[in-house]
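Here's the letter readout for the chains.
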Amino acid sequence: MPLHNRNRIDPISEDVYEDPMSNTLLNKFQLPQNSTQPEVIAQFIKDELLLDGNAKQNLATFCTTWMEDEVHDIMDLCVDKNMIDKDEYPQTAEMEARCVHILADLWNSPQAHTTLGCSTTGSSEACMLGGLAMKWRWRQKREAAGLDASKPNLVVGPVQICWHKFARYFDVELRQIPLEGNEVSTNPEKIKDYVDENTIGVIPTLGVTYTCVYEDVAAMAKELDDIQSEKGWDIPIHVDAASGGFIAPFIQPELEWDFRIDRVKSINASGHKYGLAPLGVGWVVWRSEEDLPKDLIFYVDYLGGNMATFALNFSRPGGQIVAQYYNFLRLGFEGYRGVQQACVDTAQWLADEISKLGPFEMFYDGRGGLPALSYTLKEGDWGFNLYDLSDKVRQHGWQIASYPLPNDRQDTVIQRILIRHGISRDMAALLLRDIKAAVEYYKAHPVSHSSSTRTFHHT
Ligand SMILES: *Cc1c(COP(=O)(O)O)cnc(C)c1O
């Protein structure tokens, strides 16, 4: 007899598949009337989850899919900590602040010890905060000068969807510079045709989602310097370094894209992408304290002091932040460099091997940007298109994205493979084997199609 009557159906057997629940369909639209033994229902849910793709074989995502056992322990330990309760969990709050300063230092902030920044749920929220700060600074300047502040615009290249959301949710006109000809990233020279006195900022992407290349932040800043000399408009840059913010400092340390450039006022990155933290954490950091308008900050009393918070969310789990701090201390600069370099080397190796297969034209071969590769299908009668290839390798569990390029290059379909922590050279070789087999298969069994259009969501 259980101590508490929990009004649940007790199992008749040790074996969950002998339980009466095993002969029923799980409720899908209504709460069940009664409770069920945890091990029974947990087993059925675990079974259902098997139908999801295997995360490690998902080479379409930038997000972390492999973690050390210690990270699992930390996540478990923190499962009940709410990061917004800074009074109750002051050490978690402190670890968040340490991460901000570590990133500010990694990205060469001139005031790395004092500047402001925060954790977010990911780069999307971080971009919203970066965008809001730009909108506020622009409006304050306009109002102080007695000028109209009702028509803000934001100038971007091939940005991730979060910037389209920012523009719509916060009522800012999005001016997107199209990709033309063979361009894979924003041509800095075009910026002057898109900005004006109402431009709140320009967003270069360090690691364009679609092509994995870095946009030339320094050249874009230089264009904006010239525009300022000529027209007097002082237009700031926010760098969307969702992926590149955790790659460039380790792999391309000489590349100037960060706070070394005066015009860069804020930077975001996804802790849960190449930051190697578990899903659910992003970061945004301002160049210096003055670059974040004060009236966007809410102050929370915290251990006799005042803790600045700036966020769209309130309650959030603390584990991802603590795990991020763990990774920083555990790996250090050299550890991150080693992890990222191994990914870069494997991406370049795989790009070279896939080039040798014949049908593919490398679009990005893993050199100079993110640890990734992307390619198109050469003109020819190969018996398949890239969507067919994605389908075929999916039979072996591999998830590889095929999609058209954005703005004005939609006619070009590319396939993109991301290499991240946990994808070994041997695993990449197994993928290569399956791609090779698919090419051979379609040679023997060509598909005929009119055209296929698919949608694909970039993460
Ligand atoms: C992934 C990505 C985002 C969105 O980041 P989340 O962490 O998934 O919210 C924004 N910008 C770029 C360039 C990205 O690659």
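Residues numbered from 1 in each chain as written. Predicted model: local features only at pLDDT ≥ 70, side-chain atom pairs only at ≥ 80, totals over all residues. Heavy atoms only, no water.

Test applied: UniProt positions are given in the numbering used here, feature names are shortened, and annotations may be inferred rather than shown by experiment.
Taking an unreviewed UniProt entry as the reference, the chain is identified by name as Glutamate decarboxylase belonging to Psychrobacter fozii. Among the UniProt annotations of the chain, the heading Cofactor (unreviewed entry) holds the following wording: "pyridoxal 5'-phosphate".

### Remarks on the UniProt feature "modified residue: N6-(pyridoxal phosphate)lysine" (unreviewed entry) in the chain
We apply this condition: Every helix listed is a DSSP run of H or I at least four residues long, and every strand listed is a run of E at least two residues long, numbered separately from the N terminus.
Mapped onto this numbering, the UniProt entry annotates "modified residue: N6-(pyridoxal phosphate)lysine" (unreviewed entry) at K273. As for its position among the elements, K273 is in the loop between β8 (264–270) and β9 (282–286).

### Concerning the side chain of N153
Defined as follows: Burial classes: relative accessible area under 20% of the type maximum marks a residue as buried, over 50% as exposed, and values in between as partly exposed (1.4 Å probe, protein chains only). In protein, a polar contact means a hydrogen-donor-capable atom and an acceptor-capable atom, both N or O and within 3.5 Å, with residues adjacent in sequence counting only if both atoms are side-chain atoms; elsewhere, any N or O pair within 3.5 Å suffices. A contact between two residues is defined here by any heavy atoms of the two lying within 4.5 Å.
Its location among the elements puts N153 in strand β4 (residues 153–156). By relative accessible area, N153 is classed as buried at 0%. Here the side chain of N153 touches T199 through a polar contact of 2.8 Å, side chain to side chain. Excluding its chain neighbours within four sequence positions, the residues that come into contact with N153 are V172, E173, R175, D196, N198, T199, I200 and G201.

### Re the packing of aromatic side chains
What counts, and what does not: Two rings belonging to Phe, Tyr or Trp (six-membered ring only in the last case) form a pair when the distance between their centres is within 6.5 Å. Interplanar angles under 30 degrees mark stacking, angles over 60 mark edge-to-face geometry, and anything in between is tilted. Two thresholds decide whether a charge sits over a ring: the Lys NZ or Arg CZ must be within 6 Å of the ring centre and within 35 degrees of the ring normal.
The full count for this structure, using the stated rule, is 16 aromatic pairs. Measuring from centroid to centroid gives 5.4 Å for F384 and Y442, while their planes differ by 25 degrees, and the two rings are stacked. Taken as a pair, F384 in the loop between β13 (372–377) and α9 (386–394) and Y442 in helix α10 (residues 425–444) lie far apart in primary sequence, 58 residues in all. The two residues F384 and Y442 agree in class, both being buried. Taken together, the aromatic side chains of F246, F250, F328, F333 and Y336 make up a single cluster linked through ring pairs. Lying across the ring of W136, R139 places its NZ or CZ 4.4 Å from the centre.

### Topic: the sheet that holds strand β14 (residues 401–404)
Filter applied, for reference: Note on pairing: DSSP must find at least two bridges between two strands before they are called paired. Axis definition: a line fitted to C-alpha atoms, over the contacting stretch in the case of helices. Angles run 0 to 180 degrees between N-to-C directions.
Read from one edge of the open sheet, four strands run β12-β13-β15-β14, paired in antiparallel fashion. Of all the strands in the sheet, just β12 (360–364) and β14 have a single pairing partner and so form its edges. Taking each pair of neighbouring strands and ignoring which way they run, the sheet shows an average axis angle of 35 degrees. The sheet contact formed by β13 and strand β15 (residues 413–418) spans four bridges and is antiparallel. Considered in β15, the bridge of A372 is made with L418. Each of β12, β13 and β15 touches helix α8 (residues 319–356); the most contacted strand, β13, lies at about 15 degrees to it.

### Regarding the environment of L276
Of note, L276 is situated in the loop between β8 and β9. Once the C-alpha coordinates of L276 and W66 are considered, the two residues, 210 residues apart in sequence, prove to be 8.2 Å apart. Beyond its immediate sequence surroundings of up to four residues, L276 is in contact with T64, G271, N327, L331, Y336, V339, Q340 and H421.

### Overview of the site of the ligand
Selection rule: To be near a molecule or strand, a residue needs just one of its heavy atoms within 4 Å of it. Areas reported as accessible are Shrake-Rupley estimates using a 1.4 Å probe. Residue values count occlusion only from the protein chains shown.
Taken together, 14 residues surround the ligand, and among them S123, S124, D240, H272 and K273 come closest. Between an oxygen atom of the ligand and a side-chain N or O atom of S124, the distance comes to 2.7 Å. In this structure, K273 approaches the ligand through a side-chain N or O atom, which is 2.8 Å from an oxygen atom. Coverage of the ligand by the protein chains reaches 92% of its 380 Å² of free accessible surface.

### Quick look at the packing of helix α4 (residues 123–144) against helix α5 (residues 161–169)
Each pair of packed helices gets described by two things: the angle between the helix axes and the distance between those axes. We count it as follows: For this classification, under 35 degrees means roughly parallel, over 145 means roughly antiparallel, 65 to 115 means roughly perpendicular, and everything else is oblique. Handedness of a crossing follows from how the near helix is turned relative to the far one, being left-handed for an anticlockwise turn of less than a right angle and right-handed for a clockwise one.
Axis separation between α4 and α5 bottoms out at 9 Å; the angle between their running directions is 45 degrees. When the axis of α4 is compared with that of α5, the two are oblique. The chirality of how α4 crosses α5 is right-handed. Where α4 approaches α5, its residues S124, C127, M128, G131 and L132 are matched on the opposing element by C162, W163, K165 and F166.

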